[in-house]
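The chain contents come next:
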Amino acid sequence: MQELIATGVSRQHQNFKEVMQSYYQLTKPRIIPLLLITTSASMWMASNGRVDPFLLIVTLLGGTLAAASAQTLNCIYDRDIDYTMERTRKRPIPSGKVQTRHALIFAIVLGVLSFSLLTVFANLLAALLAMSGIVFYMGVYTHLLKRHTTQNIVIGGAAGAIPALVGWAAVTGDLSWSAWMLFAIVFLWTPPHFWALALMIREDYAKVGIPMLPVIVGEEETTRQIWVYTLIMVGSTFLLIYPLGNVGIVYGAIATILGWKFIQKSWQLLHNPSDIPLARSTFKYSIIYMMLLCLGIVVDTLPETHSLTAILVENLQTIISAIPIS
Ligand code: HEM
Ligand SMILES: CC(C)=CCC/C(C)=C/CC/C(C)=C/COP(=O)(O)OP(=O)(O)O
């Protein structure tokens, strides 16, 4: 008898764990950390390296809830194509683990929690921006563009860049040119990020009739467009130094090294459009690039970095004169 009860309890526990896991998977959790990293970089920049830890935590939590809500709504809307595509077949709705109705309630709860948290502990602008992210990702990207135009991720990419605005708004209560610049960097980064991946899985998209760029225009034209966006995006990262003046030489050095590597990868891809391992490596690099660029912003804006670079610049003449020139 005791054994039976124990088995029942452990099965219930197992079921509960599986249900929790399914809801977690609905939020496409692997993408959220990078969205939070862009939010954090924006907060660091907006506060000149002195972010209030409490504000940081509530903004990241509010951002997580908003992104999770947006992704869940996307999983509901796209359940038909997700069922047909290899990569997405095991998602909770197409695999029958979560009912559409329950997913919808989950998405609404997440959205309401996000809005409430951001309104109460950050400000209304940050909360409204987060909600606009959900509306844009669902209404504009998923509903209007994804199944209808090759420019789906170019225009729809704006949704993924909104967290940068949320971060800035949470700190300052408004938006400045610098906030929009970070938004623009993420916006311009999205095409190389996504099209590199789309080169790898274009058959999947073709199967369900999604007009992702490589499906419609082929590999050569896609790599040409990746190349153009990479050049513009890398160039735009320096506008944060001049004329905006938000960051300095530490960020400049990091952006140069990272940008150079991104340009190299895109150049190689441009000359080898059918090279799938190269496309995979470009996609992976795009993620590392954005992570490290944001880390560069954080490090550069720290007050300690300012003091250190000031000392270095002051002593530059002494250091140079100490170098033996034969
Ligand atoms: C419209 C814009 C975007 C599209 C269509 C897109 C699409 C995708 C897709 C299809 C994947 C593969 C996911 C999977 O295998 O399930 C992916 C991965 C990823 N995306 Fe994007 N993405 C976009 C924008 C962004 C943005 C703005 C960020 C963050 C700033 C981001 C961060 C990531 C990360 C971190 C991964 C890797 C997840 C993993 O480790 O598997 N993406 N993206
Ligand atoms: C502030 C706020 C809430 C912003 C929303 C940001 C957000 C959810 C960005 C997601 C970008 C992304 C990974 C798109 C992939 O969608 P897809 O449908 O093409 O991917 P799939 O093929 O894997 O389903």
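Since the model is a prediction, treat every value here as computed from it, not as a measurement. (Residues numbered from 1 in each chain as written. Chains lettered and ligands numbered in written order. Predicted model: local features only at pLDDT ≥ 70, side-chain atom pairs only at ≥ 80, totals over all residues. Heavy atoms only, no water.)

J.: I'd like a description of the site of ligand 1, backed by residues and values.
T.: Surveying the vicinity of ligand 1 reveals 18 residues, the closest of which are R30, T190, H193, F194 and L197. The leading source of residues in the shell around ligand 1 is helix 8 (residues 177-200), at five residues. Of the residues that constitute the shell around ligand 1, the class distribution is eleven nonpolar, four polar and three charged. (Near = heavy atom within 4 Å. Helix = DSSP H or I, 4+ residues; strand = E, 2+ residues; numbered from the N terminus. Nonpolar A, V, L, I, M, F, W, Y, C, P; charged D, E, K, R; others polar.)

J.: Pulling in residues and values, what's your account of the coordination of the iron atom of ligand 1?
T.: Looking at the iron atom of ligand 1, one finds just one donor atom contributed by the protein, H193 (NE2), at 2.2 Å. Mapped onto the elements, H193 comes out in helix 8. (Donors = N, O, S within 2.8 Å, 3.2 Å for Na, K, Ca; no water.)

J.: Describe the UniProt feature "transmembrane region" (unreviewed entry) in the protein chain, with residues and values.
T.: On the UniProt side, "transmembrane region" (unreviewed entry) is annotated at positions that read residues 53-77, 98-118, 124-141, 153-171, 177-201 and 239-263 here. Structurally, residues 177-201 is divided into 96% helix and 0% strand, and its ends, taken at the C-alpha atoms, are 36 Å apart. Helix makes up 60% of residues 239-263 and strand 0%, with an end-to-end C-alpha separation of 17 Å. (UniProt positions renumbered as here; feature names shortened; annotations may be inferred.)

J.: Can you break down the side chain of K265 residue by residue, with the values?
T.: Take K265: it is sitting in helix 11 (residues 249-271). In this structure, K265 is buried with no salt-bridge partner, the nearest side chain bearing the opposite charge being D275 at 10 Å. Not counting residues within four places of it along the chain, the set of residues in contact with K265 comprises S281, T282 and Y285. (Buried < 20%, exposed > 50% of the residue type's maximum accessible area, 1.4 Å probe, protein only. Lys, Arg positive; Asp, Glu negative; His and termini not counted. Salt bridge = Lys/Arg side-chain N within 4 Å of Asp/Glu carboxyl O. Contact = heavy atoms within 4.5 Å.)

J.: Break down the packing of helix 6 (residues 124-145) against helix 7 (residues 152-172) for me, citing the residues and quoting the values.
T.: Where helix 6 contacts helix 7, the axes come no closer than 9 Å and their chain directions differ by 170 degrees. By the angle class used here, helix 6 and helix 7 are roughly antiparallel. Contact residues: L125, A126, L129, A130, S132, G133, F136, Y137, Y141 and L145 in helix 6; N152, I153, I155, G156, A158, A159, I162, L165, V166, A169 and A170 in helix 7. (Axes fitted to C-alpha atoms, helices over the stretch in contact; angles between N-to-C directions. Parallel < 35°, antiparallel > 145°, perpendicular 65-115°, else oblique.)

J.: A description of helix 12 (residues 276-301) should follow, citing residues and the corresponding values.
T.: Between its first and last C-alpha, helix 12 extends 38 Å over 26 residues, near the 38 Å set by a 1.5 Å rise per residue. Capping the start of helix 12, D275 holds a side-chain oxygen 3.1 Å from the backbone nitrogen of L278, two or three residues further along. (Expected span 1.5 Å × (residues − 1). Polar contact = N/O pair within 3.5 Å; in protein donor to acceptor, adjacent residues only side chain to side chain.)

J.: Describe in detail the site of ligand 2, supporting the description with residues and values.
T.: Near ligand 2 there are 21 residues, and of these R87, R91, Y137, Y141 and K146 occur at the shortest range. Separating an oxygen atom of ligand 2 from a side-chain N or O atom of R91 is a distance of 2.7 Å. Side-chain polar atom of Y137 to an oxygen atom of ligand 2: 2.8 Å apart, as the coordinates give it. Relative to its unbound accessible area of 630 Å², ligand 2 is 88% covered by the protein chains. (Areas by Shrake-Rupley, 256 points an atom, 1.4 Å probe, with all protein chains shown as cover.)

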